[in-house]
Structures are given as structure tokens and as C-alpha cells.
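Listed here are the chains, written in short residue letters.
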Amino acid sequence: MINFDLRGLLIPRNLTLNDLAEMSGVNYWTICHMSQRTYKSTKISDIQKICKALDISPNELFGYEKVLNG
């Protein structure tokens, strides 16, 4: 399972979703849906903008947790 904790990256930086939208140029509602995990797809360009705004790599934005069946 891919983990995505956008708020976990914003809180230590004292940033809000609105701050990130302004910093990255990504639409506020896109960021809001991403943070709530209610999006169905994400543009690579939006991921790049968010990573650039937060000065992080995609590896820091996403994580992976193996899910065992059974």
C-alpha cells in the first residue's frame, strides 16, 4: 500500500494546505483532496511542484507498506 501523509509534512513546517497551494502553484482543492486521500489520480507535474515547494524528494512524500494477504 502506498502511504501519503501530506499533513505530516506540513505540520512540522508550520504550513497550511493553503500555504502549500500558494507556494507550489497547485490548486488548493487538488491539495485538499490529496491530503484527505479522496483523489483518484494525481498529475506527476503536481507532485513535482509540491516536492519543489517543500524541498523534498518524492521518496519523502510517498512511502510503501507491504500488505500481507491472509
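The shown structure was predicted, so the numbers you read here are calculated from the model rather than taken from an experiment. All chains use their own residue numbering, which begins from 1 and follows the written sequence. The predicted nature of this model means local features are confined to residues of pLDDT at least 70 and side-chain atom pairs, given and counted, to a pLDDT of 80 or more, with totals for whole chains, interfaces and linings taken over all residues. In computing side-chain values, all of the structure's heavy atoms are included and hydrogens and water are not.

Caption draft 1: A look at the overall build of the protein chain. Check the secondary structure of the protein chain and you find 5 helices and 2 strands. Considered along the principal axes of its C-alpha atoms, the protein chain spans approximately 45 × 25 × 20 Å. Think of it in three bands: residues with accessible area under 20% of the maximum for their type are buried, residues over 50% are exposed, and the middle band is partly exposed, with areas taken using a 1.4 Å probe on protein chains only. Taking all 70 residues of the protein chain together, the buried fraction comes to 29%. Any two residues whose heavy atoms approach within 4.5 Å are treated as being in contact. Put simply, 59% of the contacts in the protein chain that link residues at least 6 apart link residues at least 24 apart. All accessible-area figures derive from a Shrake-Rupley calculation using a 1.4 Å probe, and residue coverage is judged against the displayed protein chains alone. About 5,100 Å² of surface is accessible on the protein chain, with carbon and sulfur atoms providing 52% of the total. Think of it this way: Lys and Arg go in the positive column, Asp and Glu in the negative one, and His and the chain ends go nowhere. Charge placement uses NZ in Lys and CZ in Arg. For Asp and Glu, CG and CD serve respectively. Mean positive and mean negative side-chain charge positions of the protein chain (8 and 7 charges, respectively) differ by 7 Å. Secondary structure elements follow DSSP: runs of H or I no shorter than four residues count as helices, runs of E no shorter than two count as strands, and numbering proceeds from the N terminus.

Caption draft 2: Region of interest: the environment of Glu22. Along the chain, the position of Glu22 falls in helix α2 (residues 17-24). With 31 residues separating them in the primary sequence, Glu22 and Ala53 have C-alpha atoms 9.3 Å apart.

Caption draft 3: Region of interest: the packing of aromatic side chains. Stacked, tilted and edge-to-face are the three classes assigned to paired rings of Phe, Tyr and Trp, where Trp is represented by its six-membered ring and a pair needs centres within 6.5 Å; plane angles under 30 degrees give stacked, over 60 edge-to-face, the rest tilted. In total, this model carries 2 aromatic pairs according to the counting rule given. A ring pair is formed by Phe4 and Phe62, whose centres lie 5.1 Å apart and whose planes are at 35°; its orientation type is tilted. You can see Phe4 sitting in strand β1 (residues 2-4) and its partner Phe62 sitting in strand β2 (residues 62-64), a full 58 residues away along the chain. Taking the centre distance of 5.0 Å and the plane angle of 75° together, the rings of Tyr28 and Trp29 count as edge-to-face.

Caption draft 4: Seen up close, α2. Looking only at α2, the buried set comprises Leu17, Leu20, Ala21 and Ser24. Each buried residue of α2 lies within a common arc of 105° when the element is viewed along its axis, so the set occupies one face. Turning to α2, the residues buried within the fold contact α1 (6-10), α3 (28-36) and α4 (44-54). Positive backbone phi, approximately 85°, marks Gly25, located one or two places after α2. Working note: the arc is built from the helix axis to C-beta atom directions.

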